[in-house]
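# Chain and residue survey
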Amino acid sequence: MLKRFRNMRINTQLTLIVCIVVTILMAFYIIFDLHLQTNEALTNLHDNTAILASELNATTYFISKNVSKLNTDSNGKVDYKGFIPSYVLRGVSQIFNINQGYSFKWTTFKVRSPVNTPDPFEVNVMKEFAQNPNLKEFTGIETVNRQKVYRYMQPLYYEQQCLQCHGEPAGAIDISGFPKEGGHLGSFAGAISISVPLDQMYQNLHNRFFEDILSVFLFLLTLSLTIYIFIHKQIAKPLTVMVSLASQIGDGKLDISNTNIAENYEIRVLNENFNAMAAKLHNLYNNLEATVDERTRELQNVNEILNAHQESLCQINAKLTKASEVKSEFIATMSHELQTPLTSIIAYTEIIMEKYNGDKQTTEYIYEVYESAHHLLDLITDILDFSKIEKNKIQLHPTMFVFSEMTEVLAKVFHPLIQKNHQYLTIEVPPDLPVIVADKNKIKQALMNLLSNAIKFTPPEGHIHLRATYLPELESIQVSLSDTGRGIETTDLERIFDKFTQVDSGTTREFSGLGLGLAVAKHLIELHGGSIWAESVVEYGSTFYFTLPILAPRTIK
């Protein structure tokens, strides 16, 4: 539908839009007017029935007051002629019902004539009148015999003249031959009930509704034709001519004549600018071939230079690739060669420290050699690990293990260093943590790198906390390692996992290392399908997190 609308001509589009908007506004107006007409009709009906009820009440009052005179002869003897309020009201109702369709009834809970028997609506309303003397009238609309009827009721109360027929003693026979009801002055006597069919009112509203629709239709038809003719003449037709001129320019016919196609200001200005543009295009086209030849020669020269640069870059990239391979081979070879003597140095220093009982200073020297050799071996190990990572030679060997077993081993391994630094290590691993299927050695190596960093950057008397939790929605465990070190700047958190990166860089940095520990840990965790990140607050410490799936990939190269 939207596509069809877009393909219409502009005069059709604008006419359609105006018609839709006006139709919506007029629909709201018709609905609102119908609502007002309905309320006005019901208000008039209420006013008429209220006046009619008051007049009937006055009539019954007059008859009640003069019932004795009406039913006695000139000699003062009782000559009952049937002039009582209920009979008169019924007679008036019959006359109105013939002429207007109205029906009146003087009804009460206990009627003398079956004609005045109250229906369920009247019974309920009379109960309301009896319970609430302040209620002066009651209105409503109900359906009677599939016909909408307006109901109006007004309460009646016993007055002095009513008591001669309806007063005490209860059961005594009045002049009409009916037993008295035993009513009291001012008590509830009944109600005048008026029923008015609503068919005529609804028919009038229905006619008014269709008259409004017909008026709106004629108005829309006139408005649409007026708008269509105006837009076609002032906008659509000039634009059609300009489209034709634009098509000629598109076909290469740039020599078009200056024509005035419209009188209104906007289209005229557009036409003038269009003609000026066509003239400029004609001039540019005449000079285009020479300009194209010149630019073509320039592009050829630039392409030749770029090709030469590209060949040079390819040669440089090949040399860099070769140099990188040589560097990696050299580092791997040298690291392997250095591991053997360093292992011997560490072993011999351990034997010397166990058996030597000489002076304290010599012992400290030997221990420093031992520590330095260990530190150098760790650096070489990091280099070898990262060399394997770069060559994609790391292979996982998943096994089933309990995470708490690994943390107990790490606590024992790092206990001497933590004790030496006067630090505190706490480990929190739930006993119900699921069994993990992963490469235990790789996970332990990643965790050792994180622990080494935490110990390195945590001051004496500082705290390190290792915690593991299960994430059932991810079928993973989450490990966090918090320390109370000096923290990391927010800008540095994005690069701490890069290779050869240290936050404390420079020749005067406080802590030693190659900056490979976190890079290796990140790669090992990601090999298992996990992720690693860090959060930190300067001067308060850092927390490193990583997630680890319960089931790691079987083999990853």
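Reading guide: rules and limits
- Residues numbered from 1 in each chain as written.
- Predicted model: local features only at pLDDT ≥ 70, side-chain atom pairs only at ≥ 80, totals over all residues.
- Heavy atoms only, no water.
- Helix = DSSP H or I, 4+ residues; strand = E, 2+ residues; numbered from the N terminus.
- Buried < 20%, exposed > 50% of the residue type's maximum accessible area, 1.4 Å probe, protein only.
- Pairing = 2+ DSSP bridges.
- Axes fitted to C-alpha atoms, helices over the stretch in contact; angles between N-to-C directions.
- Expected span 1.5 Å × (residues − 1).
- Bend = angle between axes of the 7 residues up to and from the residue.
- Left-handed = near helix turned anticlockwise from the far one by under 90°.
- Contact = heavy atoms within 4.5 Å.
- Nonpolar A, V, L, I, M, F, W, Y, C, P; charged D, E, K, R; others polar.
- Polar contact = N/O pair within 3.5 Å; in protein donor to acceptor, adjacent residues only side chain to side chain.

### Considering the overall build of the chain
Along its length, the chain carries 12 helices and 11 strands. Relative to its full complement of 557 residues, the chain shows a buried share of 34%.

### Thoughts on the sheet that holds strand E3 (residues 147–157)
Read from one edge of the open sheet, 4 strands run E1-E4-E3-E2, paired in antiparallel fashion. In the strand order of this sheet, the two ends are held by strand E1 (103–107) and strand E2 (138–144), each with one partner. Going from strand to strand, the sheet's axes swing by 25° on average, the running direction of each strand aside. As judged from the 5 bridges shared by E1 and strand E4 (residues 188–197), these two strands associate in the antiparallel manner.

### What about unusual backbone geometry?
The residue Glu461 is not glycine, and still its phi comes out positive at about 70°. As for its placement among the helices and strands, Glu461 is situated in the loop between helix H11 (440–457) and strand E8 (463–471). With phi around 75°, Glu539 is a residue other than glycine that occupies positive phi space. Within the fold, Glu539 resides in the loop between strand E10 (531–537) and strand E11 (541–549).

### Details of helix H10 (residues 403–420)
Here H10 spans 26 Å end to end across 18 residues, near enough to the 26 Å set by a 1.5 Å rise per residue. Phe414 marks the point of greatest bend in H10, at about 50°, and the proline Pro416 comes within the next four residues. One or two positions beyond H10, positive phi appears at His422, with a value near 55°.

### A few points about the packing of H10 against H11
Following both chains from N to C, one finds H10 and H11 inclined at 35°, their axes separated by 11 Å at the closest point. The element H10 and its partner H11 pack so that their crossing is right-handed. Between H10 and H11, the residues in contact are Phe403, Glu405, Met406, Leu410, Phe414, Leu417 and Ile418 and Lys440, Ile443, Lys444, Leu447, Met448, Leu451, Ser452 and Ile455, respectively. Residue composition of the contact of H10 with H11, grouped by class: 11 nonpolar, 1 polar and 3 charged.

### Digging into the pairing of strand E9 (residues 476–483)
Within E9, 6 of the 8 residues are buried, leaving the element largely enclosed by the surrounding structure. With 8 bridges joining them, E8 and E9 adopt antiparallel strand pairing. Residue pairing for E9: Thr469 is matched across the bridge by Gln478. From the end of E8 to the start of E9, which pair antiparallel, there are 4 residues, and Glu475 there has a positive phi angle of about 50°. Pairing geometry for E9 and E11, over 7 bridges, is antiparallel.

### With respect to the sheet that holds E8
Taken together, 5 strands build an open sheet; the order of strands is E6-E8-E9-E11-E10 and the sheet is mixed. Unpaired on one side and paired on the other, strand E6 (424–428) and E10 mark the two borders of the sheet. When the angles between neighbouring strand axes are averaged without regard to direction, this sheet yields 15°. Relative to the sheet, H11 contacts E6, E8, E9, E10 and E11, its axis offset from that of E9 by approximately 20°.

### Things to note about the side chain of Ser195
Counting through the fold element by element, Ser195 comes out in strand E4. Accessibility expressed as a relative area gives 15% for Ser195, which makes it buried. A distance of 3.0 Å separates a polar atom in the side chain of Ser195 from a polar atom in the side chain of Arg151.

The analysis is restricted to geometry; functional conclusions fall outside its scope.
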